[in-house]
Amino acid sequence: MNKSKLLKRFRMLSRVMSNRGDITINLTGNRCYTDYNSITLPVGDLENPDYLELLEGAIDHEVGHLRWTDRTWTAKSYEKGAFFNAIRNGIEDIRMERMVCLEWPGAILNLSKMVTQGIKKGWFSKPTDSFPPSLLLQAVVVYYGRYKINDQVQLKEFCEIALALLTDCIGQKPVHDLILLLDTIPALRSNQHSYELTEQIIQLLKKIEFKPGDSQGNDSGDSQGNDSGDSQDSQGNDDSGDSQGNDSGDSQGNDSGDSQGDDSGDSQGNDSGDSQGDDSGDSQGNDSGDSQGDDSGDSQGDDSGDSQGNDSGDSQGQNSSVSQQVINFVNECLNADESQLMADLHEQVNNELEKMADEVRSSNDMEQLIDLNAPLISKNDRGTVGTAELNLAKRLSTPISRELHKIIYGLDRKSVNFSKQGRTVEANRLAGVKAGNFNVFKSERITKAPTMAISVLVDRSSSMSAVEMNGANTSALAINLAIDKLKGVNSECIYYSAGDLYEAKCFKSTTKAVKDNFRVSSRGGTHTGLSLYSVIRRLSLRVEQKKVVFIITDGQASDLKYLEKSIEMSELLGIQIVCIGINTGMLYGFENQELLNIQTVEELPSILKQVIKNKLIA
């Protein structure tokens, strides 16, 4: 993606990727952060495809969180511990990204590329049997959700490996139950639902602790499928091993199967009379408790657990071992700290973008515009002790407004078409019917002039004399008063030098209400480039369709490299610059821009006529 497409995308995203109109996206500085009203991303190498892919994915991911993730439930999740929050965060990322892709299908590719970058950089790693239990379970949640629900197929192999490893640890049934829970993610509608689903997963884990016999799909204690070893076989009251209809050895006082002294396996003579032809100790296949004919399977009733070590499938030692394995697995999950979990994707992406920005900054290549020293914008100014001619500004605002009206509303477009069908007949074309020209129906289409945002950027550097500063103040005041009279046009006025920018008028205020703010005095150097960059960045995020910067200055910029980059950025974004010089024949750095020079404020209306004539605002 080239610079133009990327930067225009930022402008578009700030308008359409949220139902909250106050969310903006800033590309500036070297740090990633959000204040929940805006997203700030660092400036990296715009020619680096890895940087661009991460940037695109980060925008779609973060805007999705700002629109669909309720922070209240995120805070509650943190209180439940690291493991709980990691599972909830994985589920919420999947749910939120799915919502993003449903509303903006173009985000599918961006988020998929971000995942590919995550695999490349090791944020998503192939599961192994050395994974801590907490990391393995988190991997199942994240990989299964992203692969199966969000169609990020590059995680298919990781998902399958994670599922197999988890099955080895806790068995098929618990894993199956976990998948059933994860399959409900598409039905979730809020971060609260993600929180509640996490609670269900935690409950599922805790239940596994009390059912060690379920740790394998074919119960280790169930030698033939009748589960004689399950729950220690109900202590003889409903001995499934003695389920033969006429087993006289069952429930008798001297029951050979129940006697601890007379081994039920010795029922070859002493107990043959009790067997009634169907002896429970008769190691035949019809005795479901009789495992393969050796007397270890003849332990009926409460004797099923007495075969210590003879039948490994039914041994209490084995059951105890399996049970303890699952208990340990669950406890390690619930008590895990952040070092035993996958790092948050949001943090991984932010850290990588910041690293890339630092690499660009540390290099000697100044191809990128780094605004570490870009001036801040202040609403208060101690230097408002200059002069401005309010009455003159008011008088000039009317002809200036008239000229601006011609410029702006001259952007109306009217197209006329003729066809064979319609409602309005163009009489002048009827004569052509005999010649076969039946396109006599006229239709007109008028495209209204676009809405417009104008920034008036005024030089207040020390090279501006008191007379020139008075002229600049009065000119800025007159232009803003004139703009206030135009429907669909908004303006701001920013003063600059080598320090912080001073906002004399913001877009939301009227010029009349802040007229005293235009009494600005001169001081400091001339950082035109950095100041222009700050204004362009603000304009690029405005919702108006057309953006213009009026620069009023008298001299040479002291940061020509930044000025060059700022002008390049304005061209990429389609932001037009109109230079108004005060008593100067040339503005260094603006050689390719047409200069409109004035000697006195009264010349402003005629200067704006020149803007019309030269079509500087097209």
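Within each chain, residue numbers correspond to sequence positions counted from 1 in written order. Two thresholds apply to this predicted model, a pLDDT of at least 70 for residue-level local features and 80 or more for giving and counting side-chain atom pairs, whereas whole-chain, interface and lining totals are computed over all residues. Side-chain numbers come from the whole structure's heavy atoms, not from hydrogens or water.

**Here's the deal with the pairing of strand β9 (residues 489-496)**
Condition: Three exposure classes are used, based on accessible area relative to the maximum for each residue type with a 1.4 Å probe and protein chains only: buried under 20%, partly exposed in between, and exposed over 50%. Elements are defined by DSSP. Helices are runs of H or I of four residues or more, strands are runs of E of two residues or more, and each kind is numbered from the N terminus. Here the term right-handed applies to a crossover when the path leading from its first strand over the helix to its second strand runs clockwise, the strands being oriented away from the viewer. By the convention used here, strands pair only if DSSP detects at least 2 bridges between them.
Counting buried residues along β9, seven of its eight residues qualify, which places the element largely inside the surrounding structure. Handedness of the crossover is the feature at issue here: the chain leaves strand β8 (residues 452-459), passes through helix α13 (residues 466-483), returns alongside β9, and the resulting connection is right-handed. Taken together, the three bridges between β9 and strand β10 (residues 501-505) define a ladder with antiparallel strand orientation. Note that in β10 the partner of Tyr495 across the bridge is Tyr502. Between β9 and β10, which pair antiparallel and follow one another directly, the connecting turn spans four residues.

**Looking at the pattern of salt bridges**
Quick reminder of the rule: In the sections that follow, a salt bridge refers to a side-chain nitrogen of Lys or Arg positioned within 4 Å of a carboxyl oxygen of Asp or Glu.
Scanning the model with the defined rule gives twelve salt bridges in all. In this structure, Arg146 and Glu97 form a salt bridge, with 2.9 Å as the shortest nitrogen-oxygen distance. With Arg146 in helix α6 (residues 133-149) and Glu97 in helix α4 (residues 82-103), this residue pair connects regions lying 49 residues apart in the sequence. The same class applies to Arg146 and to Glu97, which are both buried. Glu503 serves as the salt-bridge partner of Arg538, at 3.1 Å between the closest nitrogen and oxygen. With Arg538 in helix α14 (residues 528-540) and Glu503 in strand β10, the pair connects residues that are 35 residues apart, well separated along the chain. Look at Arg538 and you get partly exposed, because its relative accessible area is 28%. Note on Glu503: relative accessible area 8%, which makes it buried. It is possible to trace a salt-bridge network through shared partners that takes in Glu492, Glu503 and Arg538.

**Notes on the confidence of the model for the protein chain**
For the record, the criterion: For every residue, the pLDDT score states the predictor's confidence, bounded by 0 at the bottom and 100 at the top. Contact definition: two residues touch when any of their heavy atoms are within 4.5 Å.
The share of residues in the protein chain with pLDDT of 70 or more is 68%, and the mean pLDDT across the chain is 75. Across residues 210-313 the pLDDT falls below 50, and counting only partners more than four positions away or on other chains, this stretch makes 133 contacts in the model. The low-confidence segment residues 364-372, where pLDDT is below 50, has 25 contacts with residues more than four positions distant or belonging to other chains.

**Quick notes on the nonpolar core**
This is how it is decided: Only buried residues count toward a nonpolar core. Its members are Ala, Val, Leu, Ile, Met, Phe, Trp, Tyr and Cys residues joined through side-chain atoms within 4.5 Å.
Counting 75 residues, the largest nonpolar core has Tyr143, Leu166 and Leu353 as the members making the most contacts within it. Looking at this core element by element, the count peaks at eleven residues for α6. For Leu166, the residues in contact, after removing those within four places along its chain, are Leu136, Leu137, Val140, Gly171, Val175, Leu178 and Phe329. Formed by 43 residues, the second largest nonpolar core is a distinct cluster that contains Ala393, Met469, Ile483 and Phe550.

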